[in-house]
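# Chain and residue survey
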Amino acid sequence: MGRIRNPKELHSYREGLVARRTGSKKVIAVCCGTGCNASGARKVAQAFVDEIQKQGLAKEIDIRPTGCHGFCERGTLVLMHPEETLYTRVKPEDVPEIVEKTVKKGEILEKHLYDDPVSGAKHIKEQEIPFYKHQERLILGKNGLIDPTKIDDYIALGGYEALAKALEMGPDRVLDEVKRANVRGRGGGGFPAGKKWETCRNATATKRYIICNADEGDPGAFMDRSVLEGNPHAVIEGMIIGAFTIGSDEGYVYVRHEYPLAVKHLTVALEQAREKGFLGKDILGTGFGFDVKINRGGGAFVCGESTALMASIEGKVGEPRAKHIHTVVAGLNGKPTNLNNVETWANIPLVIEKGADWYTKIGTKGSPGTKIFSLVGKVNNTGLVEVAMGMTLRQIIFDIGGGIPKGGEFKAVQTGGPSGGCLPAAKLDLAVDFDSLWEEGSMMGSGGMIVMDDKTCMVDVAKYFLNFLKFESCGKCTTCREGLRRLHELVTEIAEGRGTLDTIQLIEELAATVEAGSLCALGTTAVNPVRSTLKFFRDEYLAHVNEKRCPAGVCKALITYEITDACTGCLVCKKRCPEGVIKGDKKEKHVIDTTKCIKCGICNDVCKFDAVRVY
Amino acid sequence: MTVKFTINGEPVEAQSGQSVLDVARRYGFEIPSLCHHEAVTPYGACRLCLVEIAKGRRRKLTTSCNYEVLEGIEVITGSPAIRQHRAMVLELILAEAPDAEPVRELAKRYGVVISRFKTTRAVAGEGPRDCILCGLCARVCTEVVKADALAFNGRGDKRGVGTPYSEASAPCIGCASCASVCPTNRIVVKDTKDMREIWGREFALVRCDSCGAPVMTEAHRDHAVKLGPLPADYYKTCTACKRKSLSGRFAKVGS
C-alpha cells in the first residue's frame, strides 16, 4: 500500500499487518547494531537466512536483522520469538546447529545461553537475565522487534498511531499533554520540552524549525546512535508531532558523519515515511505539511551545542554564540527553532499514545520517564541500559551492570560524558535523576556512565577529560580556550609529580573562572571532572603532590614496577617486555631494570602469579 | 523604545537593542574589554566585560557586550567576584601576550603584574607575542570591509587567526582596517612612498590628485567601486582635499 490518507486508513493498514503476522510464524531477531555488527552480526543474520532457505523453513520463520538490543558485551545476540529465548555470542558457524536443534526441535543449547558471572546461573529468556530484568525499556525495547529498514515493522507495533492521535487532539492539547508529562530534555540540560515547545510556538514568526540533535560526541556514549539505528521512525514520529504542535514545516536531523549506519537507516526511514504520507504535504489528510532533512556533522564535539549546531547547518563555522536571546525565539536562520535530542523526540510518541498520567507514574516526580545510559568502563555487563529515573547508581552498576570485573573494587562512576563529575562509592545510593546529579556536582548529560575501579587514578581521569575538552573547545572564548589548556597543564604537572599545593589552589581558582565566565556549556561544565575529583578524591591529589606517589599505580612518572618473591621464573614477562629490560633465567626470580623500564605494564598484565608490584 | 534599569544601583535609561556595555560606558561606568568594537557585531570572546545581571529572581554572570538592555534589570559592574574573574582572564591573556602593552596596563589595574602561567604558544624571537585571538581583524575584514581575507583557523588550543595557511591572501585589498582595530597593535603595516606592505603582500597606493598624499591602495579603491555606490573618480582625492574643495563650494553658495 502506498500513501495512507487518513487516520482511519492507518488503523486498518496496521490491523492488516498484525493479522498477517500473528499465527505460527516465528521470528529470529539478530541484533545488527553497531556493537554486534563489529562481532560479525551481519554474517550471522545471513547464515540464518541461508540455513532457513536450505531447510525449507522460509515460510515459517522470519529472520529479522534489528537494531541494538543493548547487551553489547555479549554480541552477537540472537533473540527467538515467541519463546523469547536469547542466545549470546553467536557466530555464523553456530547457526546450522541452532536451526537444527533449537528452531526445529525446541532444544536449548546451553553453550549459547547467558551465564551470569556473579551467580553462575544460566538463563534462557531475555527477561530472566539480571541485565534486562531491572530495566524498563520503553524506548530501547522496540529495537529488538523492528527491522529499522521496514516501516511496516514499526507500524505493526502501533507506530504512527501517536501521530494520528496528536493530529486529532490538535496542537493545544498535545502541548498540554507534553507539558503535563514534564518530559525533560535528554540531551543534557534537562530543560522541560513542553516549555521549550510553548515558547517556540508563541514566538512571532512566519517560519519555525524543528531540529533533532544527533551529534552525540561524548566518549563512550552511544544511546542516540542505537535509537537512530534501531528505531528511526520513533524519532521521526516525535519530530512530526513536535512540528505539528509548534507550527513548523521544516525539520533537520543533525547527525554525526561518524554514524554511517544511523544515517543510512534514517535516510531509508525518511523515504518510507514520505511514501506512506507521514511526511510531506497534507499529512494524513489534515492539510498539515512537514518534512525532514539530514545534516551530517563534521566531527566537532562543540557542534552538539545548540547554537553551534545551528551555525553549522547554516554553513558557518560551528561556534556557539551567546544565548541571551534563546534559539526558540531566534535560532536557525534567525527563526524560532525548537531543538531536542534523539531520545527526547523518541519519548514523545509514548507520551501522546499513553498519556501524561501514565508517563508521570514512571521515574521520579521531578524527572519522569526513563533514561538510557551507556554503561561502560570497568563493569561486567557493558551496554545500553534503560531504567526508570530514580534508580540508584548501585542498582544500575551492580544489579544491571553485574559489578566490577575480576574482583575489582568500585571506585568512582562518571556520569554525563566528559563534562560530568566523578562520584565516589559514598554516593552509590544516589537516586539518579536530572536534579540529584546536578546537586552532587555531576550531571545527567546525554547519559554516559563510565565505571571506574580501584586501578583507576582520578588525577589521570581528570587529565584525560581535560585533554579531550581542550582539543574540542572551539577556541572562541578566552576562558574555555586558554582556561582548559591551562587546567590540563596544571593537572599534568600533578600527574608528573611536579605539582605543589599552590598548583591545586590555582586549579581551583581557574576552574571557578572557567565555569563562571565561559560562553557556552562546553566551557562552563568542562571543569566538572577536575572539580569533582578534587572534591571527592582530594587525598589522591595530595598523594601525588606531597608524597610524589600515584596510589592507583597509573601515573607513569610516579610509579615503579618491581618483581616480587612470588615470581616463579616462568620467563613470560621477560619474553613479552618490549624493551627487553627484564633479566633472569628459568626458575629464577626475574628483575626489572628500572632505569630502562618504560612502565608499559605488560609484565603485570601477563604475570599469572601476581608477582609484579606497582608502587 | 526606552528601557529603564539600574547599573550599580543607579537608575539609567537606554533604547532597546543597545548593549549593557555601551550604555554603562555612556554613563561613565568602567567595564574593560578587548574584543569589542563599535564597527562590528558583539562577539563575546575575551570575557573581560563580565558583569552580574539580575532579572527577577535570577542572577547570573554574563558578558555585557552582547547583552541587550531589558526593562528592570539590575546590573553590577564590579563586585569582588567579577574583579576576581577578570583578573584571572587577564592572567590567561597576559601569559600568551606578554608583549602587548594594552594588556599589561589593563592587567596591572586588576593587580596582575606577572601571570602564573608560562608563555607557551607564542614563541619568543618569532615576532611580537601579543595576539590575543579576539578576532577583531577577521571580523572587521568580513563584516565591514567585506573582503574576507582573514579568518580564524584551527580550534581549541590550536586556534589561530590570519590569512589562509598564513600565506599571502588573494582577497586582501591592503586597506589596513584590521590593523586599525587591533587592540594590541600587532598587525604590521609598512607604508612607503608608493607602496604598502601588509600580510605578506605589497599594494600600490593611490595618491591624491591635488596634494599627493596617499589615499588608499589601488586594490582597496577597486573593491570600494565594485561594492558601490560611489564612482572611481570619488577616490582620486584625499579626505582632506575633498573637505577643502567642499568648503570652498559651500563658501561660494553662501556668498
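Since this is a predicted model, take the numbers as computed values, not measurements.

Glancing now at the overall build of chain B. Scanning chain B from N- to C-terminus turns up seven helices and eleven strands. In terms of its C-alpha atoms, chain B occupies a principal-axis envelope of roughly 60 × 55 × 25 Å. For chain B, buried positions account for 39% of its 255 residues.

Turning to the sheet that holds strand 9 (residues 291–297) of chain A, a few remarks are in order. All names here are of chain A. On the basis of which strands lie adjacent, the open sheet formed by four strands has the order 9-8-7-10 and parallel pairing. A strand with exactly one partner marks an edge of an open sheet, and here the two such strands are strand 9 and strand 10 (337–341). This sheet shows a mean twist of 20 degrees between the axes of neighbouring strands, independent of strand direction. The pairing of strand 8 (residues 250–256) with strand 9 spans seven bridges and is classified as parallel. From the neighbouring strand, glycine 251 faces strand 9, where its bridge partner is valine 292. With respect to the sheet, helix 13 (residues 306–313) is in contact with strand 7 (209–214), strand 8, strand 9 and strand 10, its orientation differing from that of strand 8 by roughly 105 degrees.

A word on the pairing of strand 11 (residues 214–217) of chain B. All names here are of chain B. In terms of strand pairing, strand 10 (residues 201–207) meets strand 11 through three bridges, oriented antiparallel. For valine 206, the partnering residue across the bridge sits in strand 11 and is methionine 216. Where strand 10 folds back onto strand 11 in an antiparallel hairpin, the turn is made up of six residues, including glycine 212, whose phi is positive at roughly 85 degrees.

Residue and element names in this part refer to chain B. Assigned domains within chain B: domain 1 (2–78) and domain 2 (142–254). On a C-alpha basis, the centroid separation for the pair domain 1 and domain 2 is 32 Å. Every contact between the two is made by five residues of domain 1 and, on the other side, four residues of domain 2.

Turning next to the sheet that holds strand 1 (residues 26–31) of chain A. Residues and elements named next belong to chain A. As summarised here, the arrangement of the four strands in space is 2-1-3-4, forming an open sheet in which the pairing is mixed. The open sheet has two free edges, formed respectively by strand 2 (61–66) and strand 4 (85–87), since each of these has just one partner strand. With direction set aside, neighbouring strand axes in the sheet form an average angle of 20 degrees.

Further remarks concern the domain arrangement of chain A. All names here are of chain A. Domain parsing of chain A yields domain 1 (7–127), domain 2 (151–360), domain 3 (370–453), domain 4 (458–546) and domain 5 (560–614). A separation of 27 Å is found between the C-alpha centroids of domain 2 and domain 3. With 16 residues of domain 2 at the interface, the matching set in domain 3 holds 15 residues. With three residues, helix 10 (residues 223–230) is the single largest residue contributor to the side of domain 2 that touches domain 3. Residues belonging to the side of domain 2 that touches domain 3 are distributed by class as follows: four nonpolar, six polar and six charged.

What follows is about helix 8 (residues 171–181) of chain A. All names here are of chain A. Along helix 8, the positions that sit buried rather than exposed are Val174, Glu177, Val178 and Ala181. Projection of helix 8 onto a plane perpendicular to its axis shows the buried side chains occupying an angular sector of 95 degrees, all on one side. Close packing links the buried residues of helix 8 with helix 7 (161–169), helix 9 (193–202), helix 11 (232–246), helix 14 (342–354) and helix 15 (356–360).

So, about unusual backbone geometry. The amide bond that connects histidine 81 of chain A to the next residue, proline 82 of chain A, takes the cis arrangement and shows omega of 5 degrees. One can find proline 82 of chain A in the loop between strand 3 (78–81) and strand 4. Residue proline 229 of chain B is bonded to the preceding glycine 228 of chain B through a cis peptide linkage, with omega at 0 degrees. Here proline 229 of chain B is to be found in the loop between helix 6 (218–227) and helix 7 (239–254). A positive phi angle, near 55 degrees, is found at tyrosine 165 of chain B, a position not held by glycine. Note that tyrosine 165 of chain B resides in the loop between strand 7 (160–162) and helix 5 (177–181). The class for tyrosine 165 of chain B is exposed, based on 8 C-beta atoms found within 10 Å. Within the chain, alanine 176 of chain B stands out as a residue other than glycine whose phi angle is a positive 70 degrees. Structurally, alanine 176 of chain B can be placed in the loop between strand 7 and helix 5.

Calculation notes
Residues numbered from 1 in each chain as written. Chains lettered and ligands numbered in written order. Predicted model: local features only at pLDDT ≥ 70, side-chain atom pairs only at ≥ 80, totals over all residues. Helix = DSSP H or I, 4+ residues; strand = E, 2+ residues; numbered from the N terminus. Buried ≥ 20, exposed ≤ 12 C-beta atoms within 10 Å, placed from the backbone. Pairing = 2+ DSSP bridges. Axes fitted to C-alpha atoms, helices over the stretch in contact; angles between N-to-C directions. Contact = placed C-beta atoms within 7 Å. Domains from an automatic or database assignment. Nonpolar A, V, L, I, M, F, W, Y, C, P; charged D, E, K, R; others polar. Arc of directions from axis to C-beta.

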